[in-house]
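Commentary on secondary and tertiary structure
Each chain is listed here by its residues.
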Amino acid sequence: MSDTVTREADVARGGQGLARVAVVVRAGAAPLVRLGVPAAGIGAVPEGLTGRLVGVAAGTVLFVTATAVTALAHRSRYAALAAGATRAGRYDLLQDRAVTVRNWRRGHRWLLLLAFVAALGSAFALPVAGGLLLTGVGTGLRLKARWLGRRERALDALLWVRVDWLDRRGGAPAGKAVRELRTTGVGAGDAAPGGARRRATASV
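Now for a quick tour of the structure. Remember, it's a predicted structure, so these values are computed and weren't measured experimentally. (Residues numbered from 1 in each chain as written. Predicted model: local features only at pLDDT ≥ 70, side-chain atom pairs only at ≥ 80, totals over all residues. Heavy atoms only, no water.)

The backbone of V128 sits at a positive phi, close to 75°, despite the residue not being glycine. We classify V128 as buried; its relative accessible area is 10%. Even without being a glycine, A172 presents a positive backbone phi close to 60°. Examined against the element boundaries, A172 turns out to sit in the loop between β4 (158–162) and β5 (182–184). With relative accessibility at 35%, the residue A172 sits in the partly exposed group. (Buried < 20%, exposed > 50% of the residue type's maximum accessible area, 1.4 Å probe, protein only. Helix = DSSP H or I, 4+ residues; strand = E, 2+ residues; numbered from the N terminus.)

Below is the structure:
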């Protein structure tokens, strides 16, 4: 039925607010790395219960594990949603990248602060490790966004999620509330495939 009669005439001409999936995923990468690196550096000061060498070794393992787990988590869910994505309607509203990032970071600011404090506190038991764990999660989010970017290029379409289907913190773009994704051409919006800021092109 032509995408259910173009989704009931784009919800009676009102449309839906849409946020880029890759931008939501990528939003936490930078703050986690920015908090994780100094936390690891400060965490190298105390000897801790285990000593710095053990802390660094454990932190390296945590970094690699967190990066891999975060990057690979829920890929099948994203792939299934992408495969069933429908075309965005004429009256759907594309949310700016900056707004999506700001909403995610505002929604998660206290969690980020608690994670930073926990990483610092853990240094008295296991130096460096907590900061490297945060950095690994941030790195994994960036890798996941890049993976989504490759899928978008393969589809020759950008993936969007309804804003009202995100969780109350502005995250979880593949959560249980998300029933489908929507697509636009690769030139839509102000973010490139993968969620990075779109580079300005010089006019000829």
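Let us now look at the packing of helix α3 (residues 29–43) against helix α8 (residues 129–155). The contact between α3 and α8 brings their axes to 7 Å, and the two run at 155°. Between α3 and α8, the angle is such that the two are roughly antiparallel. With respect to the hand of their crossing, α3 and α8 are arranged in left-handed fashion. Each of A29, A30, L32, V33, G36, V37, A39 and A40 in α3 lies in contact with α8, whose residues at this interface are G131, L132, L134, T135, V137, G138, T139, L141 and R142. (Axes fitted to C-alpha atoms, helices over the stretch in contact; angles between N-to-C directions. Parallel < 35°, antiparallel > 145°, perpendicular 65-115°, else oblique. Left-handed = near helix turned anticlockwise from the far one by under 90°. Contact = heavy atoms within 4.5 Å.)

Attention shifts here to the nonpolar core. Within the largest apolar cluster, 31 residues are counted, with the highest numbers of intra-cluster contacts made by V21, V25, Y78, L148, V161, V178 and L181. With sequence-adjacent residues up to four places away left out, V25 is seen in contact with Y78, L141, K144, A145, L148 and P173. (Core = buried A, V, L, I, M, F, W, Y, C linked by side-chain atoms within 4.5 Å.)

This next bit is on the packing of helix α5 (residues 75–83) against α8. Packing of α5 against α8 brings their axes to within 12 Å, and their N-to-C directions diverge by 25°. When the axis of α5 is compared with that of α8, the two are roughly parallel. Handedness of the crossing formed by α5 with α8: right-handed. Contacts from R75, Y78, A79 and A82 in α5 reach K144, W147, L148, R151 and L155 in α8.

So, on to the environment of R75. Locating R75 in the fold gives a position in helix α5. Classification of R75 as partly exposed rests on a relative accessible area of 23%. Residues R75 and A129, spaced 54 residues apart in sequence, show a C-alpha to C-alpha distance of 27 Å.

Further remarks concern the layout of surface pockets. By rolling a water-sized probe across the atoms, one finds the places where empty space is left. What the largest pocket holds in volume is close to 250 Å³. In terms of lining residues, the largest pocket is bounded by 16 residues, among which V25, Y78, W104, L141 and K144 are the most central. Per element, the largest residue contribution to the lining of the largest pocket is three residues, and it comes from α8. Class assignment of the residues belonging to the lining of the largest pocket gives a composition of ten nonpolar, four polar and two charged. Taken as a whole, the second largest pocket spans an internal volume of roughly 200 Å³. For the second largest pocket, the full set of lining residues is V23, R26, A27, A29, A30, R34, R97, A98, V101, R105, R142 and R197. Elements represented by at least two residues in the lining of the second largest pocket include exactly α2 (21–26), α3 and α6 (97–107). (1 Å grid on protein atoms, 1.4 Å probe; cavity = no way out; pocket = protein on both sides within 12 Å on 5 of 7 lines; lining within 4 Å. Points joined across faces, edges and corners; volume = space filled by probe spheres on them. Nonpolar A, V, L, I, M, F, W, Y, C, P; charged D, E, K, R; others polar.)

Further remarks concern the pairing of strand β1 (residues 17–20). For a regular strand, side-chain orientation follows a simple rule: the groups alternate between the two sheet faces. Of the pairings in the sheet, the one linking β1 to strand β3 (residues 93–94) comprises two bridges and is parallel in character. Bridging across to β3, L18 finds its partner in L94. As judged from the three bridges shared by β1 and β4, these two strands associate in the antiparallel manner. Residue pairing in the sheet places R20 in a bridge with W160 of β4. (Pairing = 2+ DSSP bridges.)

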